[in-house]
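Observations on the model geometry
Residue strings, one per chain:
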Amino acid sequence: MSKILQRNTTSTFVDNMSLPIHRWFRYSAGFSAQWVEETVMTYLSKSIHSDYFRVLDPFAGSGTTLLSCDKLGVLSYGYESHPLIYEIAAGKLLWKSDIDLFLNTANDILVHAKNDDSAIDQYPDIVLKCYDEKNLEEIDHLKKALYAKSNPSFSYKLSWLAFVSMLRASSHAGTATWQYILPNKKKAKVISAFEAFSKQVNVMYEDMKIFQESQAKQCATLIKQDARKTSTIEKNSIDLIITSPPYANNYDYADATRLELSVLGEINCWGDLQSKIRPELVRSCSQMVSKEKKETYQYLKNPLLKPIYNEILEVCTILDLEKENHGGKKNYHTMIALYFLDLAKVLQELRQVCKEGSVVCFVVGDSAPYGVYVPVEEWLGRLAIAVGFKQYNFEKIRDRNIKWKNRKHQVPLKEGHLWIRG
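These lines cover the structure that appears in this document, whether it is placed above or below. Predicted, not measured: the structure shown is a model, and the values here were computed from it.

**Some thoughts on the pattern of salt bridges**
This model, assessed by the stated rule, comprises 27 salt bridges. Residue Glu 311 is joined to Arg 382 by a salt bridge in which the shortest nitrogen-to-oxygen separation is 2.7 Å. Of this pair, Glu 311 sits in helix H13 (residues 309–322) while Arg 382 is found in helix H15 (residues 376–386), placing the two residues 71 residues apart along the sequence. Looking at Glu 311, the relative accessible area reads 28%, which means it is partly exposed. Note that Arg 382 is salt-bridged to Glu 378, the shortest N-O span being 3.0 Å. Separated by 4 residues within a single helix, Arg 382 and Glu 378 lie in helix H15, roughly one turn from each other. With a relative accessible area of 34%, Glu 378 lands in the partly exposed category. What emerges from the salt-bridge pattern is a single network uniting Asp 226, Arg 228, Arg 283, Glu 292 and Asp 342.

Here it is in structure tokens:
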């Protein structure tokens, strides 16, 4: 049985990197698009009113659920609050646009860039560390060409996405497993920025053609929204929710896009992530909560956390004491408190938009910061019941963290599907 679980990849994004449209931008979060399609079809077939079937992904990321629903011709909605990832997902959803117009626009931008002989603009240090002079010049000229041709057309937005999607391929800097940039780690293979842009455009052109020649329908709606806030979607309208909220594992979704944000000029330094990117994101890493550590125990008294108050208070207290034994003194106790408060707010909002009898699936993993175990799926399930959902159960998909010999916790970590029914 354990071997079967280890081979199950429904909770990972890896297979998506070979799928048309999905592969345009590597975003290390999410789940299998094929699994989404299978899940949607399963619940669509059980629906009495299939013509009114609606799917929601409150953490849409780069659009896995929405694209999968488009492929099936099912109406879907998605929230995304990370500004760069929102634009990337929005770009992917333009797959039905005129492909020849896109190709002409992208080629026009490339020609404009190749004819540019201006001096390179100033860039943050992280950018200078990630590109040699030639590629930085080409990237700079491509960006200037994009700005010079800027307009609200679909073909321009797709060209912008092609540029953003090729920035890693033309950098000599390595990339960690979770997309953190590693300037001191050199890649063996780097292609020129002009070549990378051209290749990306051709990939996008062919992928759009594939989608357009299939039975897919453009029927997804992406909304730039923080899932913790009051929904703009009609109440009692959603049949199925498929999503993967941030894990409570200290992964920094803002820092993972630092290179792209820096090249685009959206941020100038690491500190800008805190003021410009993180405020709209669920607080799932210690970097996001340092200013709130003094209020940790007040946050735990929020009525939304009452169903798990005793357990989370104990865990946060242990983490608070444990941090003194570590050089970094990371405020995991505050992170855990705010993470569950944020997810409780999300669940409260989801209950409002869900129909009676709806189904929610969270792809989640448990956590053990500083070796202190946090039963994420159990606590989220109880928080869901408290806001009006009827029942929950957890389906384990695979073990996590088993390769790290230095792990401190005794409970093996796992990942799987938290099914909530309402």
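**Brief notes about the nonpolar core**
Phe 163, Phe 197, Ile 336 and Phe 340 are the most contacted members of the largest nonpolar core, which has 117 residues in total. Looking at this core element by element, the count peaks at 14 residues for helix H14 (residues 332–353). Excluding anything up to four places from it in sequence, Phe 340 contacts Leu 305, Ile 308, Ile 312, Val 374, Val 376, Trp 379, Leu 380 and Leu 383. Counting residues in each nonpolar core, the second largest holds 17 residues, with Val 55, Cys 69, Val 74 and Val 359 among its members.

How each quantity is defined
- Residues numbered from 1 in each chain as written.
- Predicted model: local features only at pLDDT ≥ 70, side-chain atom pairs only at ≥ 80, totals over all residues.
- Heavy atoms only, no water.
- Salt bridge = Lys/Arg side-chain N within 4 Å of Asp/Glu carboxyl O.
- Helix = DSSP H or I, 4+ residues; strand = E, 2+ residues; numbered from the N terminus.
- Buried < 20%, exposed > 50% of the residue type's maximum accessible area, 1.4 Å probe, protein only.
- Core = buried A, V, L, I, M, F, W, Y, C linked by side-chain atoms within 4.5 Å.
- Contact = heavy atoms within 4.5 Å.

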